[in-house]
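Inside the fold
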Amino acid sequence: MSDLNPEHPETFAFLQNRRSVPAKTMSGPGPGENEVRALIEIASRVPDHGKIAPWHFVQYGPDYCVKLGEMIEARFKEINTGYSDGILEIERGRFTRVPVVIGVISAPKEHSKVPQWEQVLSAGAAAMNLLTGANALGYDAQWLTEWVAFDDVLAPKFGVKPGEKIAGFIHIGTKQMPKTERDRPQIDDVFSIMTD
Ligand SMILES: Cc1cc2nc3c(=O)[nH]c(=O)nc-3n(C[C@H](O)[C@H](O)[C@H](O)COP(=O)(O)O)c2cc1C
């Protein structure tokens, strides 16, 4: 590693050390309106074969997050039995843990040259850029889906149109306790060099 000589050492070190913070351990402050717009610009600046923007972003305003919580709780009760008040509180609070939640929606388009798989990957890249951008601004963040992202009844409430899927909800705020590291893969378990 000692022969590394990055042109952007700060960015390099930032990427080497970046990590998420659980949404339930964050609170405010979060990014303001202009910061969110800048983050969306960064999220949109990703490889996108054919320049078709197969994704869009939805920020859920604070009042709407409260409403989403009520809708999630109602849906949870509809599809589950035997839940405690504590569980219902968790369900109700899924979108009010942090000041800013942005849905990254994968919106693949019919295209003669760009397979849907590539378009889905581009949405993942957009979500990652949003997460990294939020960290670069100085906020903490976490990419979550949780069960709510896969519920067809709730989907339209998150701004998902027919044919679209939620790539993730990027939760952005500020950590309330020190960041801990988590295990990472050993390079040799995930990397190989083919020579023939
Ligand atoms: C598409 C996607 C969905 C995720 N959904 C969840 C989730 O629902 N719950 C959860 O605890 N973690 C979820 N995670 C993992 C968190 O983002 C977790 O914080 C992350 O793996 C930590 O990685 P980092 O520290 O490298 O950012 C998800 C990750 C991805 C990529």
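The notes below deal with the structure included here. (Residues numbered from 1 in each chain as written. Predicted model: local features only at pLDDT ≥ 70, side-chain atom pairs only at ≥ 80, totals over all residues. Heavy atoms only, no water.)

Helix and strand counts for the protein chain stand at six helices and five strands. The linear arrangement of helices and strands in the protein chain, starting from the amino end, is α-β-α-β-α-α-β-α-β-β-α. Viewed in the frame of its principal axes, the protein chain has a C-alpha envelope of about 55 × 50 × 40 Å. Out of the 196 residues in the protein chain, the part that is buried amounts to 38%. When contacts within the protein chain are restricted to residue pairs at least 6 apart in sequence, those whose partners lie at least 24 apart make up 79%. Accessible area of the protein chain: about 12,400 Å², with a carbon and sulfur share of 54%. (Helix = DSSP H or I, 4+ residues; strand = E, 2+ residues; numbered from the N terminus. Buried < 20%, exposed > 50% of the residue type's maximum accessible area, 1.4 Å probe, protein only. Contact = heavy atoms within 4.5 Å. Areas by Shrake-Rupley, 256 points an atom, 1.4 Å probe, with all protein chains shown as cover.)

On to the site of the ligand, then. Close contacts around the ligand come from R18, R19, S20, Q142, W143, L144, T145, E146, A167, R182 and R184, and that covers them all. R18 has a polar side-chain atom sitting 2.9 Å from an oxygen atom of the ligand. A distance of 3.0 Å separates an oxygen atom of the ligand from a polar side-chain atom of Q142. Here the element with the most residues in the shell around the ligand is strand β4 (residues 140-144); it accounts for three residues. In the shell around the ligand, the residues fall into three nonpolar, three polar and five charged. (Near = heavy atom within 4 Å. Polar contact = N/O pair within 3.5 Å; in protein donor to acceptor, adjacent residues only side chain to side chain. Nonpolar A, V, L, I, M, F, W, Y, C, P; charged D, E, K, R; others polar.)

Okay, the nonpolar core next. Grouped together as the largest cluster of nonpolar side chains are 21 residues, with contacts concentrated most on Y60, F95, V148, F158, I166 and F169. Every element with two or more residues in this core is listed here: α3 (62-79), β3 (100-106) and β5 (165-175). Ranked by residue count, the leading element in this core is α3, at three residues. Apart from residues no more than four positions distant in its own chain, V148 is found in contact with I72, R94, F95, L154, F158 and F169. L39, V46, L131 and I170 belong to the second largest nonpolar core, which has 20 residues in total. (Core = buried A, V, L, I, M, F, W, Y, C linked by side-chain atoms within 4.5 Å.)

In the structure shown here, the tally under the stated rule is 10 salt bridges. Between E78 and R75 there is a salt bridge, and its shortest N-O distance comes to 2.7 Å. Taken as a pair, E78 and R75 lie in helix α3 at a separation of three residues, close to a single helical turn. As a salt-bridge pair, D151 and R75 come within 2.9 Å of each other at their nearest N and O atoms. In this pair, D151 is assigned in the loop between β4 and β5 and R75 in helix α3, connecting sequence segments 76 residues apart. Across this residue pair, the class does not change: D151 and R75 are buried. (Salt bridge = Lys/Arg side-chain N within 4 Å of Asp/Glu carboxyl O.)

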